[in-house]
Each structure stands twice: as structure tokens, then as C-alpha cells.
Amino acid sequence: MHRLEPLPAAFARYDAIGGALEFHVFEDADGGVEEAVALIQQAVPDADLDALRDLGFREIDDQKFYGGSYDATSDSLLKLGNWGAQGRLINPRLRDLESLLLTGGGLIPEPGLGGEFAHAFSFTPYGLRASPVEVQELFDKVRHVILPPRLPHIIRDWASPELVKVSPIFEQGMEWWGVFLFTIYVPDWRRHTVIVGSTTD
């Protein structure tokens, strides 16, 4: 069994403000697919590993991993949608919304289609109990642990509309918010991370 790596304070703070993702970071890892399957079972103990293997994964790049709620050019989380707040705002940067009261509606990715880590991190069914600036800061701290800058990595996306076959916990997210299951391997640090998300209102 691989050893869980202690996580920085940003992860505990994310949990405390209502974060919907679980992070399991393992050290001394080799990065293989079967290791990823075994680590998913440590993160989701009732996982049906045969069903997981049958569904498989997609190896994705950073852009697909972050999804539409992150803009790499400005290195910012985005609040997708058409919003009213002292004028019309379309897909504004989260950090620019610090003192604005928004009206209007946002966009929710279709459950199980993969990617969209930034959305899952930032926009939970009940909302995060923190300012937009703090959410951006926590996002930056967390992603620098799971995806250290300038280090090669392998992102496997195990999400699927049929992920409920793997574990009942994914039934909740399939209602509307989404289901998320990623493994990320960083060879230089021999670090394998499992990210799990599934919740509802």
C-alpha cells in the first residue's frame, strides 16, 4: 500500500470552505496504470476495479484537465456565463468579482464527460464560503502541488457517464453537478495524485 503524503494547509482550508473535491497524494509511486487503479481503490474503497478497468481512461493535456473555467493566458479562474453586475460580464475572471453582486446565470458542464477540474474546484452546489480572491489563491496553491510548474506529468481522466458502475458515490454527481475522477503522476517527484468529486444539492 502506498503512503499518503501530508498535504499543505491549503487543502485543509479548501475542505473547510466547502470544497467538493477529495485529494489523495501518494509518494514513492511508479505511475503505472495498474498502480493508478489500486490508488483509486484506496481513495474510493468500494470501487469495482473490473468496472473501472472496463470503462478505462483518457490521457489528457492541461487544457482539457482545467476545462473552460480556467484561462491560461491570464492564469485565472473564470465564472462562466452571462452575468449582470454594473454592466454585463461574460465569463469574468473570478478575482475581478471580489465586491460585485452578480445576477444572471452560469454554465454547468454535462456530468461525466471529463476534464473541467477548475469548475469542479471552484463552483460547488452550495458555493464556497470564501471570497473570490481567496478561492483563486487556494486554486493556485493546490494546483502547484498536484501539477508542479514546469515538471512533466501524466493526467489520466477516468470520468464517464457510466462511472456509477464503479461506485455508488458517483450517483450523486450524475444528478447535475458532475462526477470527476483524475489521476496525475509526476515522475520527477514519484508522486501520484487521485482526485475524486461527486456531490449534489
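Residues numbered from 1 in each chain as written. Predicted model: local features only at pLDDT ≥ 70, side-chain atom pairs only at ≥ 80, totals over all residues. Heavy atoms only, no water.

## Focus on the overall build of the protein chain
Stated precisely, the cut-off is as follows: Strands here mean DSSP runs of E at least two residues long; helices mean DSSP runs of H or I at least four residues long; both are numbered from the N terminus. A simple rule labels every residue: compare its accessible area, found with a 1.4 Å probe on the protein chains alone, to the largest value its type can have, and call it buried under 20%, exposed over 50%, or partly exposed in between. The contact criterion used throughout is that any non-hydrogen atoms of two residues lie within 4.5 Å.
Counting its secondary structure elements, the protein chain contains seven helices and 10 strands. In the protein chain, which comprises 201 residues, the share counted as buried stands at 50%. Sequence separation of 24 or more characterises 66% of the internal contacts of the protein chain that already satisfy a separation of 6 or more.

## So, the pairing of strand 1 (residues 21-26)
Rule in force here: A pair of strands is treated as paired once DSSP finds two or more bridges between them.
When you tally the buried positions in strand 1, you get five out of six residues, the bulk of the element. Here strand 1 runs beside strand 10 (residues 191-198); their pairing, made up of six bridges, is antiparallel. For E22, the partnering residue across the bridge sits in strand 10 and is V196.

## Some details on the side chain of T124
Stated precisely, the cut-off is as follows: Between N or O atoms, a polar contact is any pair within 3.5 Å; within protein, one atom must be a potential hydrogen donor and the other a potential acceptor, and residues adjacent in sequence are included only when both atoms are from side chains.
When you line up the elements, T124 lands in the loop between helix 5 (117-122) and helix 6 (132-146). Only 3.0 Å separates the side chain of T124 from the backbone nitrogen of G127, close enough to count as a polar contact. Other than its neighbours up to four places away in sequence, T124 contacts G18, G19, A20 and W177.

## Looking at helix 1 (residues 9-16)
Helical geometry note: an α-helix holds 3.6 residues per turn, so side chains three or four residues apart project in the same direction. Convention followed: Arc definition: directions from the helix axis to the C-beta atoms.
Among all positions of helix 1, only A10, F11 and Y14 are buried. Relative to the axis of helix 1, the buried residues are bounded by an arc of 100° and lie together on one face. Turned more than 90 degrees from where helix 1 packs its buried face, A9 and A12 sit exposed. In this structure, the buried side of helix 1 is in contact with strand 1, helix 5 and helix 6. Positioned one or two residues after helix 1, G18 has a phi angle of 100°, which is positive.

## Describing the packing of helix 1 against helix 6
Condition: The axes used here are C-alpha line fits, helices contributing only the stretch in contact, and every angle between their N-to-C directions lies in the interval 0 to 180 degrees. For classification purposes, an angle smaller than 35 degrees is called roughly parallel, one larger than 145 roughly antiparallel, one from 65 to 115 roughly perpendicular, and anything else oblique. Helix crossings get a hand from a simple test, with the near helix turned counterclockwise from the far one by less than a right angle marking a left-handed crossing and a clockwise turn marking a right-handed one. All amino acids are sorted into three groups, where Ala, Val, Leu, Ile, Met, Phe, Trp, Tyr, Cys and Pro are nonpolar, Asp, Glu, Lys and Arg are charged, and the leftover types, Gly among them, are polar.
The interhelical angle for the contact between helix 1 and helix 6, taken along N-to-C directions, is 135°, at an axis separation of 9 Å. Judged on the interaxial angle alone, helix 6 and helix 1 are oblique. Crossing geometry of helix 1 relative to helix 6 is assigned as left-handed. Mapping the contact onto sequence places A10, F11, R13 and Y14 in helix 1 and E134, L138, K141, V142, V145 and I146 in helix 6. Here the contact of helix 1 with helix 6 is composed, by residue class, of seven nonpolar, no polar and three charged.

## Some remarks on the sheet that holds strand 10
Taken in spatial order, the five strands of this open sheet run 1-10-9-8-2, and their pairing is antiparallel. Looking along the sheet, the strands with just one partner apiece sit at the ends: strand 1 and strand 2 (58-60). Put simply, the sheet's adjacent strands are angled 20° from each other on average, direction ignored. Strands in contact with helix 2 (residues 33-43) are strand 1, strand 8 (154-157), strand 9 (179-186) and strand 10; relative to strand 10, the strand with the most contacts, it is inclined by about 50°.

## With respect to the side chain of S122
As for its position among the elements, S122 is in helix 5. Within the local environment of S122, its side chain forms a polar contact with the backbone oxygen of A118, the two atoms lying 2.9 Å apart. Ignoring anything within four residues of it in the chain, the contact list for S122 reads L77, L128 and V135.

## Looking at the nonpolar core
What counts, and what does not: Only buried residues count toward a nonpolar core, which is a set of Ala, Val, Leu, Ile, Met, Phe, Trp, Tyr and Cys residues joined through side-chain atoms within 4.5 Å.
Ranked by internal contacts, the top residues of the largest apolar core, which has 33 residues, are L21, F23, F65, F117, F121, I146 and I195. Mapped by element, the contributors of at least two residues to this core are helix 1, strand 1, helix 4 (62-66), helix 5, helix 6 and strand 9. Ranked by residues supplied to this core, first place goes to helix 6 with six residues. Apart from residues lying up to four places away in sequence, L21 is in contact with Y14, D15, F117, A120, F121, W177, F180, I195, V196 and G197.

Nothing here speaks to function; it is all geometry.
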